[in-house]
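Residue strings, one per chain:
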Amino acid sequence: MTVTSFDFDPSRLDAGTYASRQRRHLVDVAFLLSLLATLALLLPAGLVVPQFSDLGRPATLMGAALATIWMLSRTHQRLATRGPQPMRWATIAYFTSYLASYVAGLYRGMPSLEASGAERALLGALAFLGPMVAFADGVPNRRRVDGVIQTLVFAAAGMAAIGVLQSTLALDLTVYIKVPGLISLSDYGTGIPAAGSERLGVASTAAHYIEFAAVMAMVLPFAVHVARFAASRAVRQWGAVAAVTILAVIPMTQSRTGTLALVVGMVVMLPVWSWRVRYNLVLPFFGLLAAMMVVRPGMLGSVASLFYGWDSDPSVQGRKDDYEIVGYFFSQRPWFGRGQGTFIPTLYTFLDNQWLGQAVSGGIVGIATLAGLHLTAIVLAVIAYRRATAVADRHLCGCLIAVQVIAMVAEGTFDALAFTTFSGMLAVLTGCAGAMWRLLHPSRQVRTTGPGYLD
């Protein structure tokens, strides 16, 4: 893992008292973020705390806890990170838009079911933003950043391995995952599509195969990063295994979103990779395709068939019809929308497009703040990329740019933020962009993660 002189900058705790940023704690923000990623990726989406519905996923509750920890840390000078952090302002703007849309919903009058949905949306937004600000402000150095990324990659590889077994052997390990104190929601099925269903591919531990595909495409660049830059040879080798497993499972989801996200991610990463890296990635890719043609004949043809015949594809036509419905509701309340969480699918219709959902529920302000989150992360990652001198730092910043572009594209193909595995991984990786901007900042005041700084 990369360790720079910045990691040993002292942080002033009190008069005459300093501590190194390299201090280790058994349980710190990086540990909590790693645990959140592990729970989100390896526990089935239907396992929840009783009486909490889908907000009771352990990873979602951890996200809300991180938001609470961050807010409490801002109340004490010995705990708060000093210096500017643009990610804070982006998250505050996003949450403020949720509050504004909630007020707009109250103003128009909401039935009890919509009011309940609006309150759930506020709690979900808090859980979504918690990992962002916790990562941006709370991870102390590059070594701990690498630790979070590696944990996320290996947990994603475990999720991918479950998907591979579902696809190749029809073996669903998720039915054997039981956690004391958690119950399984009845409206979540298994990770294998049932006979005669419209579902195409496997879902592993995710709530839907599209979500599974999008998450795998988001994590893939980071798996390549671990395979190239991990500190030990053993971790690099396991990183390569993780990258191959994640890449192999994306076609098994048979998802247009996953295929599109994979292509977008590779296009964004190409300028970051040298020709040697591109060559080393292309050969295994074609070898993997050849192996898949032997193991699962016809699967690649099924994936290719998803991209033609759209005129007769009911899912594509349904998405086109959504624009007319959205236009009607958007024209009534264009600025703050009907209220986040109030467009109940069972009352109105399913919107397989996060951006359209933002238009209806949050209006122009909701769209602007969601786009602002993505653009803030991209800008911070670009600035950190330009500041970085180490190849590993530049590559990680490239991965952080890629994940935002992937997310923006994926959000146009399904209601992404309604799925907690996708939103949890996006939150962690968005917060990482803020952390890299801070850790590569030339000013000691910004780099220091302790409560004070050298005079």
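Preceding this paragraph is the structure being described.
Parameters at a glance
Residues numbered from 1 in each chain as written. Predicted model: local features only at pLDDT ≥ 70, side-chain atom pairs only at ≥ 80, totals over all residues. Heavy atoms only, no water. Salt bridge = Lys/Arg side-chain N within 4 Å of Asp/Glu carboxyl O. Helix = DSSP H or I, 4+ residues; strand = E, 2+ residues; numbered from the N terminus. Buried < 20%, exposed > 50% of the residue type's maximum accessible area, 1.4 Å probe, protein only. Expected span 1.5 Å × (residues − 1). Patch = residues over 30% accessible without salt bridge, like charges linked within 9 Å, V, L, I, M, F, W, Y side chains within 5 Å. Areas by Shrake-Rupley, 256 points an atom, 1.4 Å probe, with all protein chains shown as cover. Phe/Tyr/Trp six-rings, centres within 6.5 Å; stacked < 30°, edge-to-face > 60°. Lys NZ or Arg CZ within 6 Å of the ring centre and 35° of its normal. Axes fitted to C-alpha atoms, helices over the stretch in contact; angles between N-to-C directions. Parallel < 35°, antiparallel > 145°, perpendicular 65-115°, else oblique. Left-handed = near helix turned anticlockwise from the far one by under 90°. Contact = heavy atoms within 4.5 Å. Core = buried A, V, L, I, M, F, W, Y, C linked by side-chain atoms within 4.5 Å. Disulfide = S-S within 2.5 Å. Nonpolar A, V, L, I, M, F, W, Y, C, P; charged D, E, K, R; others polar.

### Regarding the pattern of salt bridges
- On inspection of all chains with the given rule, the structure shows 7 salt bridges.
- In this structure, the salt-bridge partner of R74 is D137, at a minimum N-O distance of 3.9 Å. Residue R74 is found in the loop between helix 2 (58-73) and helix 3 (86-108), and its partner D137 is found in helix 4 (residues 112-138); the two are separated by 63 residues along the sequence.
- Look at D137 and you get buried, because its relative accessible area is 3%.

### Topic: helix 3
- Under the 1.5 Å per step criterion, the end-to-end length of helix 3 is 33 Å for 23 residues, consistent within 8% with the ideal 33 Å.
- Regarding helix 3, the residues found buried are M87, R88, A90, T91, Y94, S97, Y98, S101, A104 and G105.
- G109 occupies a position one or two residues after helix 3 and carries a positive phi of about 90°.

### Concerning a nonpolar patch on the surface
- The grouping of L169, L171, L173, V175 and Y176 at the surface amounts to a nonpolar patch, some 470 Å² of accessible area in total.
- By the element assignment, L171 lies in the loop between helix 5 (142-168) and strand 4 (183-184).

### What about the packing of aromatic side chains?
- All told, the structure shown has 8 aromatic pairs when counted by the stated rule.
- Pairing F329 with Y348 gives two aromatic rings, centres 5.6 Å apart and planes at 80°, and the pair type is edge-to-face. You can see F329 sitting in helix 11 (residues 314-332) and its partner Y348 sitting in the loop between helix 11 and helix 12 (354-387), a full 19 residues away along the chain.
- Relative accessible area serves as the criterion here: at 13%, F329 is assigned to the buried category.
- With relative accessibility at 31%, the residue Y348 sits in the partly exposed group.
- Between the aromatic rings of F414 and F419, the centroid separation amounts to 5.5 Å while the plane-to-plane angle is 50°, which identifies the pairing as tilted.
- Take F414: its relative accessible area is 3%, and that puts it in the buried class.
- Each member of the aromatic cluster is reached from another via a ring pair, and the members are Y328, F329, F343 and Y348.
- Looking at R278, its charged tip hangs above the ring of W275, at a distance of 4.4 Å from the centre.
- One cation-aromatic arrangement involves R394 over Y385; the distance from NZ or CZ to the ring centre is 4.2 Å.

### As for the packing of helix 6 (residues 209-229) against helix 7 (residues 233-252)
- Put simply, helix 6 and helix 7 touch, their axes get as near as 8 Å, and they point 155° apart. Classified by the interaxial angle, the pair formed by helix 6 and helix 7 is roughly antiparallel. Of the two possible hands of crossing, helix 6 and helix 7 adopt the one that is left-handed. Within the contact between the two elements, helix 6 uses F212, M216, A217, V219, L220, A223, V224, V226, A227, R228 and F229 and helix 7 uses V235, R236, G239, A240, A242, A243, I246, L247, V249 and I250.

### A look at the nonpolar core
- Ranked by internal contacts, the top residues of the largest apolar core, which has 100 residues, are M216 and F422.
- It is helix 6 that provides the largest number of residues to this core, a total of 14 residues.
- With near-sequence residues (within four places) excluded, M216 lies in contact with A156, M159, A160, I246, V249 and I250.
- Core analysis: the next-biggest nonpolar cluster, separate from the first, contains 7 residues, V326, F329, L351 and L356 among them.

### Concerning the state of the cysteines
- This model, assessed by the stated rule, comprises 0 disulfides.
- Considering cysteine sulfurs only, C397 is the nearest to C399, which forms no disulfide, with 9.1 Å between them.
- Judged by its relative accessible area of 0%, C399 falls in the buried class.

### Points about the side chain of T342
- As for its placement among the helices and strands, T342 is situated in the loop between helix 11 and helix 12.
- We classify T342 as buried; its relative accessible area is 0%.
- Not counting chain neighbours up to four residues away, the residues in contact with T342 comprise R108, M110, E114, A118 and Y348.

### Re the packing of helix 6 against helix 13 (residues 391-410)
- Packing of helix 6 against helix 13 leaves a shortest axis separation of 9 Å and a crossing angle of 175°. Viewed along their axes, helix 6 and helix 13 adopt a mutual orientation that is roughly antiparallel. Contact residues: helix 6 offers A214, A217, M218, P221, F222, V224, H225, R228 and F229, while helix 13 offers V391, A392, H395, L396, C399, L400, V403, I406 and A410.
- Considered class by class, the residues forming the contact of helix 6 with helix 13 number 15 nonpolar, 2 polar and 1 charged.

### Details of helix 2
- Between the first and last C-alpha of helix 2 there are 22 Å, a value that for 16 residues agrees with the 22 Å anticipated at 1.5 Å per step.
- Every buried residue of helix 2 is listed here: P58, A59, T60, M62, G63, L66, A67, W70 and S73.
- The inward-facing, buried residues of helix 2 abut helix 1 (29-42), strand 3 (47-48), helix 3, helix 4 and helix 14 (420-439).

### So, the environment of T68
- Checked against the element boundaries, T68 lands in helix 2.
- Separated by 66 residues in the primary sequence, T68 and A134 place their C-alpha atoms 9.6 Å from one another.

### A look at the environment of I210
- For I210, the location among the structural elements is in helix 6.
- Along the sequence, I210 and S255 sit 45 residues apart, while their C-alpha atoms lie 5.8 Å from each other.
- Once you skip the residues sitting within four places of it in the chain, I210 turns out to touch S255, T257, R319 and F414.

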